[in-house]
Amino acid sequence: MKKLILTCFLSAFCLGESLYPTLVKNVWIDENSKKIVGKLLPTNEIKVLERKDGIIKFEINGYQNPKAKNIIYFTPKARVIALSFAKNKAPEFKILSTKDGFNKVSTIAYTDDKDFSTNLDEIFNTAKTLYNENCGLCHALHDPSNYEANRLPSMFNSMASRTAIEKNMHHTVIQYLQKHSKDIK
């Protein structure tokens, strides 16, 4: 009985907490079907609405281009993707405001409870270390603050195969670079 009460307390305590994925996460919009309809990219904040049986129901806020309604961006300034859905499988979005031609939106989705951190700085430090240790071996290390966010993914992807950075960490490093670029930082 004590264990059940403690579990309920801990579950309730975590509701509303901010989490940051450390890797790309599969997302679904129906808690029962678990059919993958989207991808949540690393380092993007989610708010936990419910935890049950290894599943997180979460809310995410971001920016949506009215011409690409299946994508939530981190900012209206650049194409820094936070969450993308299949074009015909996007959930409903609540429009919170409009800024620079983008809608600030909120939506609810589901994912498993693995590969999350409560500490965004730790994720960025891991990505920065991977970048620093791997991306300056063949040439001078590029400082992300010297580049615009939209340019960094193609730069990284063109050279990633020549590094020892594991493929599952590529998006984490890209998010680090973009979020430390000259037009985002």
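Note that the coordinates shown come from a computational prediction; the quantities given were computed from them, not determined experimentally.

Engineer: When you look at unusual backbone geometry in this model, what are you seeing that I'm missing?
Structural biologist: Peptide bonds are mostly trans, and most non-glycine residues show a negative phi. One non-glycine residue with positive phi stands out, namely aspartate 100, at about 55°. Mapped onto the fold, aspartate 100 is located in the loop between strand 8 (94-99) and strand 9 (102-112). The phi dihedral of aspartate 115 falls on the positive side, at around 60°, and the residue is not glycine. Mapped onto the elements of the fold, aspartate 115 is located in the loop between strand 9 and strand 10 (116-117).

Engineer: Hey, could you run me through the packing of helix 3 (residues 152-160) against helix 4 (residues 170-179) in this one?
Structural biologist: When two helices pack together, their arrangement is given by the angle between their axes and by how far apart the axes lie. Contact geometry for helix 3 and helix 4: axes closest at 9 Å, N-to-C directions at 145°. In this structure, helix 3 meets helix 4 at a crossing whose hand is right-handed. Residues Leu152, Pro153, Phe156, Asn157 and Ala160 of helix 3 touch helix 4, and the partners they reach there are His170, Val173, Ile174, Leu177 and Gln178.

Engineer: Looking at this structure, how should I read the side chain of glutamine 178?
Structural biologist: Its place among the elements puts glutamine 178 in helix 4. Residue classification places glutamine 178 among the buried positions, given a relative accessible area of 2%. From its side chain, glutamine 178 meets the backbone oxygen of alanine 149 in a polar contact 3.0 Å long. Each residue touching glutamine 178, except ones within four places of it in the same chain, is listed here: Arg79, Val80, Ala149, Asn150, Leu152, Pro153 and Ile184.

Engineer: Help me understand helix 2 (residues 120-134) in this model?
Structural biologist: The α-helix winds at 3.6 residues per turn, so residues separated by three or four positions along the chain end up facing the same way. The end-to-end C-alpha distance of helix 2, which contains 15 residues, comes to 21 Å, matching closely the 21 Å that a straight helix rising 1.5 Å per residue would cover. When helix 2 is considered as a whole, its buried residues turn out to be Ile123, Phe124, Ala127, Tyr131 and Asn134. Taken around the axis of helix 2, the buried residues stretch over an arc of 115°, which confines them to a single face. Facing away from the buried side of helix 2 by over 90 degrees, the exposed positions are Asp121 and Glu133. Tucked inside the fold, the buried residues of helix 2 contact strand 1 (18-21), strand 10 and helix 4. For helix 2, the N-terminal capping position is held by asparagine 119, with its side-chain oxygen 3.0 Å away from the main-chain nitrogen of aspartate 121.

Engineer: How should I be thinking about the packing of aromatic side chains in this particular structure?
Structural biologist: The relation between two aromatic rings is expressed through the spacing of the ring centres and the mutual angle of the planes. A full pass over the atoms with the stated rule returns 4 aromatic pairs. A centroid spacing of 6.0 Å and a plane angle of 85° characterise the contact between tyrosine 73 and phenylalanine 102, whose relative ring orientation is edge-to-face. Here phenylalanine 102 lies in strand 9 and tyrosine 73 lies in strand 6 (residues 71-73), a separation of 29 residues in the sequence. The pair tyrosine 73 / phenylalanine 102 is uniform in exposure class, with both members buried. With centroids separated by 6.5 Å and ring planes inclined at 55°, the aromatic side chains of tyrosine 131 and tyrosine 176 adopt a geometry described as tilted. Here tyrosine 131, found in helix 2, pairs with tyrosine 176, found in helix 4; they are 45 residues apart in sequence, far enough to count as distant.

Parameters at a glance
- Residues numbered from 1 in each chain as written.
- Predicted model: local features only at pLDDT ≥ 70, side-chain atom pairs only at ≥ 80, totals over all residues.
- Heavy atoms only, no water.
- Helix = DSSP H or I, 4+ residues; strand = E, 2+ residues; numbered from the N terminus.
- Axes fitted to C-alpha atoms, helices over the stretch in contact; angles between N-to-C directions.
- Left-handed = near helix turned anticlockwise from the far one by under 90°.
- Contact = heavy atoms within 4.5 Å.
- Buried < 20%, exposed > 50% of the residue type's maximum accessible area, 1.4 Å probe, protein only.
- Polar contact = N/O pair within 3.5 Å; in protein donor to acceptor, adjacent residues only side chain to side chain.
- Expected span 1.5 Å × (residues − 1).
- Arc of directions from axis to C-beta.
- Phe/Tyr/Trp six-rings, centres within 6.5 Å; stacked < 30°, edge-to-face > 60°.

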